[in-house]
Amino acid sequence: MLINRATSARRGGRGLSAPARSPNLCTAALRSAPAGRGAAPTTGKPPPLTLPPAPAAARRTPTVTTAHGIELIDDYAWMKADNWREVLRDPDALPAEIRAALDAENAYAAAVLAPHEALRRTIVAEMRGRIKEDDAQPPLRDGPFLYYARYDQGSQHPVFCRAQEDGGAVEVLLDGEREAQGKPYFRVARARHSPDHAKFAWSADEKGSELHVIRVRDVATGEDAADVVTDSDGGFVFGAESSHYYYVRIDENNRPASVLRHRLGADPASDEIVFEEKDPRWFIHLKRSQSGAFACVSVSDHDAAEVWLIDLSDPQARPRLVEPRAPGRRYEVEHRGDRLFILTNADGAEDFEIVSAPLAAPGRANWTKEVPRRRGRMIVDFTIFPDHLVWLEREDGLPRLMTRALESGEDHALAFEEEAYELELMGRLDFASPLQRFSYSSMTTPAETYDYDLTTRRRILRKRQAIPSGHDPADYVTRRLFAPAPDGELVPVSILHRRGLDLSRGAPTLIYGYGAYGHAIDAYFSASRLSLVDRGFVYAIAHIRGGTDKGWRWYLDGKLENKPNSFSDFIAAARHLVAAGFAREGGIVAQGGSAGGMLMGAVVNTAPELFAGIVADVPFVDVLNTILDAELPLTPPEWLEWGDPIRDPDAFARIRSYSPYDNVEAKRYPPILALGGLTDPRVTYWEPLKWISRLRATMTGGGPVLCRTNMGAGHGGASGRFARLEEAALHYAFAVACVEGGFSDAGAGA
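Residues numbered from 1 in each chain as written. Predicted model: local features only at pLDDT ≥ 70, side-chain atom pairs only at ≥ 80, totals over all residues. Heavy atoms only, no water.

Novice: Help me understand the pairing of strand 26 (residues 422-425) in this model?
Specialist: Every regular strand shows the same layout, with side chains that alternate between the two sheet faces. Residues of strand 26 alternate between two faces, with Glu422 and Glu424 on one and Leu423 and Leu425 on the opposite face, all of them buried. Inspection of the sheet shows strand 26 paired to strand 27 (residues 435-441) by four bridges, in the antiparallel sense. Of the residues in strand 27, the one forming a bridge with leucine 423 is tyrosine 440. (Buried < 20%, exposed > 50% of the residue type's maximum accessible area, 1.4 Å probe, protein only. Helix = DSSP H or I, 4+ residues; strand = E, 2+ residues; numbered from the N terminus. Pairing = 2+ DSSP bridges.)

Printed below as a string of structure tokens:
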């Protein structure tokens, strides 16, 4: 059993990309605090409030640099701590002046938001009321055991368990709630038993900095061994003999740069490096093949990938290359018998195809087509069984689950009735099992977990997300619109609202966007959203370029020189909601996080009048300075996403033209809530702090503009399922306040 945050070879970067979903605790049901219908009480329009005074203006100390003959002046460069690497490992090392600035911003944000605290608490209660607190995932069989994870009533963290398949007492392998006691931040990244079922390995992040500790527990005694591995990315793969495991080490610059072999009981200082990548543009990820025969080492950037295989039956194995990396060529592999199955875009397969190759000679010269490319039909995921091939494809923005009987070659598609929905392949523990687990949800339908019998084609419902406070999908309407972009492209927009909502003058609207790294935003169920929708909001998702919502071309049209398309798409989507009668100009709150936070900064610089408010979560807004700094861990691989402004003057000019921090202007801005995490290694804490400081010093009216930094968390925000509700409720209370006039015009310096 596994909780896995690993990033696939085709995804990564700063984004809040969907994790690779292995057998974990019903991710579709629990990733957004499951909430439900319960008609939420409206708050009524509050009177405008006089805002508390803003913090004293942040110190302005111009730092001057030159690039391509252009002088860059940054008044707030000092907010980036010289010892930022140390701060990721020890937040107490943050210099006093920077801590004081963050504390002052947090105090101001708390004071401004205080009048809306009752609403936030009400929303938290609604969200929590929609959670089945004593929840459990459907178990997965491996050998004689059924493995699963559960949540206990009132607990923040999961409990990992197993039971004999033929009955008997439940064994608790790891109690996450107990392990989290006394820790401000705690998140289990991965938890998995050894092949001999006698050991249980688990990794956890205890600071939010994505520097994980790996421990191995003796199942019989419940005791963790003394040989603790630190500074890992959280992933690990056991060898077949259960005597060792492989893991990825994070280097001093916070890069996943090497794979090591740890022998149980040995001093981790003696761990052997079995693979190392010295080029900072390439990151390493590790997974076990579905067959259990290999550890797959994926080395990738934002343009290409290569895979190395480690034979798990050989304790001394060295990695073996499948196919060397080449610009623009991506691939990932699975193993079956004497062949590898490979998902790739090689040789012009823009939307990917599946090929196979002999395990003994897996190079591209021996690749044989299994599922040939078809333009407009993108294959987004796949897995292999002894007798079947299964893949998930997307066409016209909608996912489809396909299966193939390998002996006969007969294909079969699983049908679903709703107009827009999300499908997700889930992992299994037993390679020989004929059951493919998948999850299904839509914006109105709570998540359902199924096992699909590949032999009988029978679909078996294993779990339906429970909403204790009640939820009737018929009370809601979901639609899919297409917004015309300035260049004529049609941008899909998924919307959700209550049935019977009065749209005669448009409704308050929250529109979410991301648009980076090829990450598609599916039309999945989020019960948390209902706390907005039940208050008369329209909730919209803009499937803008930069994602793969309409295929790989949609991604290419939103990166590098085409990046401005993402911004114009989002603005076009918002304006289309107004034109179609769903929203009203000035009544729209926009939300995005990480690379989606850059989107927020760009669109509010371009069209501030369109928005009633902006929620920018861990926003990547200091784009030019960050991408010019090759010492930051994510910068070298990011050059293939945004461009290399150090060596390419055109990329420099382009990024400078849209970098939100560099394009703040003397004009009115709507209220903005920017949220950061002190130990965030992806979007560092100083980005939202600098952005808000420059906004407050430059804007001529509007606001307030707020920076709220979680001093005990990183990129993913608070740990614990209820703590995450607190943050989601803050976003939504802010959105309600924005559209209901809960902030008076703060003027310049807000």
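Novice: What exactly am I supposed to notice about helix 8 (residues 564-579) here?
Specialist: Turn by turn, an α-helix covers 3.6 residues, leaving residues three or four places apart pointing in a common direction. Look at helix 8: 22 Å from first C-alpha to last across 16 residues, which is about the 22 Å you get at 1.5 Å a residue. For helix 8, the full list of buried residues reads Asn565, Ser566, Phe567, Asp569, Phe570, Ile571, Ala572, Ala573, Ala574 and Leu577. Two residues or fewer after helix 8 comes glycine 581, characterised by a positive phi angle close to 90 degrees. (Expected span 1.5 Å × (residues − 1).)

Novice: Where do I start with the pattern of salt bridges in this structure?
Specialist: Opposite charge on two side chains permits pairing when their charged atoms draw close. This structure, assessed with the given rule, holds 59 salt bridges. Here arginine 647 and aspartate 644 are joined by a salt bridge, their closest N and O atoms 2.7 Å apart. For arginine 647, a relative accessible area of 57% puts it in the exposed group. Salt bridges sharing common partners tie together Glu126, Arg130, Arg498, Asp534 and Arg535. (Salt bridge = Lys/Arg side-chain N within 4 Å of Asp/Glu carboxyl O.)

Novice: It is not clear to me how the sheet that holds strand 12 (residues 256-263) should be interpreted in this structure. Could you clarify?
Specialist: In a beta sheet, neighbouring strands are held together by backbone hydrogen bonds and run either parallel or antiparallel to one another. Across the sheet, seven strands lie side by side as 7-8-9-10-11-12-13; this open sheet has antiparallel pairing. Each having just a single partner strand, strand 7 (187-193) and strand 13 (272-276) make up the two edges of the open sheet. Sheet twist, expressed as the mean angle between neighbouring strand axes with direction ignored, is 30 degrees. When strand 8 (residues 199-205) meets strand 9 (residues 212-218), the two strands line up antiparallel, connected through seven bridges. Residue pairing for strand 9: lysine 199 is matched across the bridge by aspartate 218. (Axes fitted to C-alpha atoms, helices over the stretch in contact; angles between N-to-C directions.)

Novice: Help me understand the sheet that holds strand 20 (residues 353-358), please; the structure alone is not making it clear to me.
Specialist: Pairing within the open sheet is antiparallel, and its four strands lie in the order 18-19-20-21. Of all the strands in the sheet, just strand 18 (331-336) and strand 21 (368-371) have a single pairing partner and so form its edges. Direction aside, neighbouring strands of the sheet carry axes that sit 30 degrees apart on average. Note that strand 20 and strand 21 share three bridges and pair antiparallel. Bridge pairing in strand 21 places serine 356 opposite threonine 368.

Novice: Can you help me understand unusual backbone geometry in this one?
Specialist: Glycine aside, negative phi is the norm for most residues, and most peptide bonds take the trans geometry. Glycine 703 connects to proline 704 through a cis peptide bond whose omega is 5 degrees. If you trace the backbone, proline 704 turns up in the loop between strand 38 (701-702) and strand 39 (705-710). For aspartate 231, which is not glycine, the phi dihedral falls at a positive 55 degrees. Within the secondary structure, aspartate 231 sits in strand 10 (residues 229-238).

Novice: What am I meant to see in the layout of surface pockets here?
Specialist: A water-sized probe rolled over the atoms picks out the places where empty space is left. Reported here for the second largest pocket is a volume of approximately 360 Å³. Asp74, Ala77, Lys80, Asn625 and Asp629 are the residues nearest the centre of the second largest pocket, which is lined by 18 residues in total. When residues of the lining of the second largest pocket are traced back to their parent elements, those giving at least two are strand 1 (63-67), strand 2 (70-74), helix 2 (84-89), helix 10 (623-627) and helix 13 (686-698). (1 Å grid on protein atoms, 1.4 Å probe; cavity = no way out; pocket = protein on both sides within 12 Å on 5 of 7 lines; lining within 4 Å. Points joined across faces, edges and corners; volume = space filled by probe spheres on them.)

Novice: Just to check I follow, could you spell out empty space enclosed by the protein for this structure?
Specialist: Taken as a whole, this structure holds eight cavities of 30 Å³ or more when the rule is applied. The volume enclosed by the second largest cavity comes to roughly 60 Å³. Together, 13 residues line the second largest cavity, and Gly397, Arg480, Ile521, Asp522 and His543 are the ones closest to its centre.

Novice: Could you clarify how one ought to interpret the side chain of arginine 682 in this entry?
Specialist: You can see arginine 682 is positioned in the loop between strand 37 (672-677) and helix 13. There is a polar contact of 3.0 Å between the side chain of arginine 682 and the side chain of glutamate 210. (Polar contact = N/O pair within 3.5 Å; in protein donor to acceptor, adjacent residues only side chain to side chain.)

Novice: Explain the side chain of histidine 157 here, please?
Specialist: Secondary-structure assignment places histidine 157 in the loop between strand 4 (145-150) and strand 5 (159-164). Accessibility expressed as a relative area gives 10% for histidine 157, which makes it buried. Among all residues touching histidine 157, those that are not within four sequence positions of it are Tyr151, Gly176, Glu177, Ala180, Phe186, Ser719 and Gly720. (Contact = heavy atoms within 4.5 Å.)

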